[in-house]
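Tertiary structure, described
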Amino acid sequence: MNAVDVAMPQMGVSVAEGTVIAWSKAVGDSVAEDETVCEVTTDKIDTEIPAPVSGRLSEILVEVGTTVDVGAVLARIVPGDGAAQAAPEANLPVDADAVSPPSPVEEAREQRRFYSPVAKRIAREHGVELAEVEGTGRRGRVTKADVEAFVAARGASGGANGRALHSDSPYRADHEGDGDDLGGRPQTLSRMRQSIGAAMLRSQELTAACTTVVECDFSLVEQRRRALGVTALPLVAVAAIETLREFPNLNATLEGDALMVFDRVHLGIAVSLGSDGLIVPVIHDAQNLSAEGLAERIRDVAARARARQLVADDVRGGTFTITNPGAFGALIATPIINVPQVAILDLEAIVRRPVIVADEAAGTEAIAIRSMAHLCMSWDHRALDGAYAAQFLTALRMRLEGRTNR
């Protein structure tokens with residue numbers, strides 16, 4: 001019987017690689033479907049890898065502490081009773097400490113050997129010995145934030161060679177030759193940045209992307225968010241979820257010629273990780289949550305994303321995504337679709353400015369100060385047309401402005 005691969009999963013569009021940190025099973029052990037086979041860490045997520053089938057672990061191909069690309073085969077399982085299990089000499093050796101429960105002291109010491117790929121890169125760039133860095137991650141592992149804090153503290157206390165790091169001007173003579181004649185300095189994109197770029201390029205290549213924009217009066221949203229003690233994002237999310245009921249073809253995924261339309265809304269929320277890129281955790285069954293409930297869930301997933309505490313299920317299964325660059329002051333944008341989804345809604349900055357308002361009953365117009373924002377939605381023209389997108393955004397705008405029955 002053919003063996004089934006256990007592979008490094010894709011966990012977010014900007015995750016390019018992961019490190020095996022422990023094996024829960026040894027070669028020859030029986031495993032049940034969905035039982036944990038090993039644990040891996042990435043720059044954003046620590047997670048357990050489940051067995052795809054029941055059977056017997058026939059091969060371990062990646063040793064503890066090894067970093068591999070997403071999609072790399074970590075191990076193989078022979079389904080069923082495992083009669084076709086591979087000979088032991090065909091397998092890589094496995095550290096016994098990785099498959100047998102260590103003592104608390106040994107576990108702490110062993111886990112300190114494992115670092116996220118980005119932590120190791122930053123350590124190399126700054127000449128940091130990782131053994132000197134105190135880890136605050138899961139099981140005491142050293143994270144990117146730990147290394148950055150160590151570098152900052154070292155700089156404040158004099159830095160390498162007795163010099164304060166911030167006193168090293170980038171224009172000093174000892175930096176000459178690092179770049180071209182115009183003073184530039186080449187920088188290789190990080191693996192994470194390359195992965196994000198590849199995912200965005202793939203979206204642009206696969207989709208017939210268009211963007212539609214409407215302007216919305218957020219005065220009512222501002223009143224409600226202050227009363228509830230939340231930001232505008234969960235209120236927009238609730239309104240979008242309600243509007244998707246009227247326009248279900250936007251709550252969908254498209255793969256090939258198959259459009260999968262969902263009754264339940266599994267809402268992706270784009271979370272910025274600063275220089276690390278971004279990730280889109282998913283709030284499953286968001287249609288069941290109130291604005292306050294969504295606000296709490298958004299705060300939770302954002303905090304866990306920035307602390308690298310998401311698990312694989314947190315980034316899977318999205319059907320519609322909202323991104324919120326307006327929080328950083330942006331006024332208008334053309335977001336890239338999170339394939340295989342067919343649309344992404346972009347909430348821009350809410351700005352107080354003068355607008356013309358009409359009193360339809362009196363037939364008069366006046367200039368008034370209102371809280372205004374643009375709602376931008378990129379959508380896949382293969383799945384729908386511009387009229388459908390415009391109708392959705394108009395219905396959403398009217399709902400946010402309180403001009404429709406809720």
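In this report, we go over the structure that sits alongside the text. Just so it is clear, the structure is predicted and the values come from calculations on it, not from any experiment.

1. Re the overall build of the chain
Scanning the chain from N- to C-terminus turns up nine helices and 19 strands. Sorting the 406 residues of the chain into buried and exposed places 42% on the buried side. Approximately 20500 Å² of the chain is accessible, and the part contributed by carbon and sulfur atoms is 51%.

2. Details of the packing of aromatic side chains
For the structure shown, the criterion picks out three aromatic pairs. Each ring, one from Phe247 and one from Phe392, has its centre 6.0 Å from the other, and the planes form 90°; the classification is edge-to-face. Of this pair, Phe247 sits in the loop between α7 (232–246) and β10 (252–255) while Phe392 sits in helix α9 (residues 386–400), placing them 145 residues apart in sequence. For the residue pair Phe247 and Phe392, the accessibility class agrees, reading buried in each case. Cluster of aromatic residues (ring-pair linked, three or more members): Phe247, Phe320, Tyr388 and Phe392.

3. Section: the pattern of salt bridges
If you walk through the whole model with that rule in mind, you get 16 salt bridges. The salt bridge involving Arg76 is made with Glu59; its shortest N-O contact spans 3.4 Å. Highlighted residues: Arg76 in strand β8 (residues 73–79) and Glu59 in strand β6 (residues 55–60), separated in sequence by 17 residues. Look at Glu59 and you get buried, because its relative accessible area is 16%. A salt bridge links Arg353 to Glu215; its shortest N-O distance comes to 1.7 Å. Taken together, the positions of Arg353 in strand β18 (residues 351–359) and Glu215 in strand β9 (residues 209–217) put the pair 138 residues apart, joining distant regions of the chain.

4. Here's the deal with the nonpolar core
Counting residues in each nonpolar core, the largest one holds 46 residues, and the members touching the most others are Leu345, Leu375 and Met377. It is α7 that contributes the most residues to this core, 10 residues altogether. Leaving out residues up to four positions away in the same chain, Met377 has contacts with Cys210, Thr211, Thr212, Leu250, Phe320, Ala343, Ile344, Leu345, Ala389, Phe392 and Leu393. Ranked by size, the runner-up nonpolar core spans 27 residues in total, among them Val37, Val62, Ile77 and Ile279.

5. Observations regarding the pairing of β10
One ladder, built from four bridges, connects β10 with strand β11 (residues 258–261); its direction is antiparallel. Each bridged residue has a counterpart across the sheet, and for Thr253 the counterpart in β11 is Met260. Hairpin connection from β10 to β11: two residues lie between these consecutive antiparallel strands, with Gly256 at a positive phi of about 65°.

6. What about the sheet that holds strand β5 (residues 46–50)?
Within the open sheet, the four strands sit side by side as β5-β4-β2-β7. Their pairing is antiparallel. Unpaired on one side and paired on the other, β5 and β7 (67–69) mark the two borders of the sheet. Here the strands of the sheet are splayed against their neighbours by 40° on average, with no regard to which way each runs. Where strand β4 (residues 36–41) lies against β5, five bridges are found, and the strand directions are antiparallel. Looking at the pairing, Thr36 lines up with Pro50 of β5.

7. Description of the layout of surface pockets
The space that makes up the largest pocket amounts to roughly 680 Å³. Looking at the largest pocket, it is lined by 30 residues, and the ones nearest its centre are Ala270, Val271, Ser272, Thr323 and Asn324. Sorting the residues of the lining of the largest pocket by element identifies α7, β13 (271–272), α8 (291–306), β16 (320–323) and β17 (343–347) as the ones contributing at least two each. By residue number, the principal contributor to the lining of the largest pocket is α8, which donates five residues.

8. What about the side chain of Arg397?
Relative to the helices and strands, Arg397 resides in helix α9. On the basis of relative accessibility, which here comes to 19%, the residue Arg397 falls in the buried class.

9. Some thoughts on the packing of α7 against α8
Here α7 crosses α8 at 120°, and the two axes come no closer than 8 Å. Overall, the two elements α7 and α8 adopt an arrangement that is oblique. Where α7 crosses over α8, the handedness of that crossing is right-handed. Contact residues: Leu233, Pro234, Leu235, Ala237, Val238 and Ile241 in α7; Ala291, Leu294, Ala295 and Ile298 in α8. Here the contact of α7 with α8 is composed, by residue class, of 10 nonpolar, no polar and no charged.

10. Describing the sheet that holds strand β3 (residues 30–31)
The sheet built from four strands is open, its strands ordered β1-β8-β6-β3 with antiparallel pairing. In the strand order of this sheet, the two ends are held by β1 (4–7) and β3, each with one partner. The pairing of β3 with β6 spans two bridges and is classified as antiparallel. Of the residues in β6, the one forming a bridge with Ser30 is Arg56.

11. What about a nonpolar patch on the surface?
Together, Val213, Leu331, Ile332 and Val351 make up a nonpolar patch on the protein surface, roughly 320 Å² of accessible area in all. By the secondary structure assignment, Val351 is in strand β18.

12. Points about α9
Because an α-helix completes one turn every 3.6 residues, residues spaced three or four positions apart along the sequence face the same direction. In this model α9 runs 21 Å from its N-terminal to its C-terminal C-alpha over 15 residues, within 8% of the 21 Å that 1.5 Å per residue would give. Along α9, the residues that are buried comprise Ala389, Phe392, Leu393, Ala395, Leu396, Arg397, Arg399 and Leu400. Looking at the buried side of α9, the elements it contacts are β9, α6 (219–228), α7, β16, β17 and β19 (364–380).

Cut-offs applied
Residues numbered from 1 in each chain as written. Predicted model: local features only at pLDDT ≥ 70, side-chain atom pairs only at ≥ 80, totals over all residues. Heavy atoms only, no water. Helix = DSSP H or I, 4+ residues; strand = E, 2+ residues; numbered from the N terminus. Buried < 20%, exposed > 50% of the residue type's maximum accessible area, 1.4 Å probe, protein only. Areas by Shrake-Rupley, 256 points an atom, 1.4 Å probe, with all protein chains shown as cover. Phe/Tyr/Trp six-rings, centres within 6.5 Å; stacked < 30°, edge-to-face > 60°. Salt bridge = Lys/Arg side-chain N within 4 Å of Asp/Glu carboxyl O. Core = buried A, V, L, I, M, F, W, Y, C linked by side-chain atoms within 4.5 Å. Contact = heavy atoms within 4.5 Å. Pairing = 2+ DSSP bridges. Axes fitted to C-alpha atoms, helices over the stretch in contact; angles between N-to-C directions. 1 Å grid on protein atoms, 1.4 Å probe; cavity = no way out; pocket = protein on both sides within 12 Å on 5 of 7 lines; lining within 4 Å. Points joined across faces, edges and corners; volume = space filled by probe spheres on them. Parallel < 35°, antiparallel > 145°, perpendicular 65-115°, else oblique. Left-handed = near helix turned anticlockwise from the far one by under 90°. Nonpolar A, V, L, I, M, F, W, Y, C, P; charged D, E, K, R; others polar. Patch = residues over 30% accessible without salt bridge, like charges linked within 9 Å, V, L, I, M, F, W, Y side chains within 5 Å. Expected span 1.5 Å × (residues − 1).

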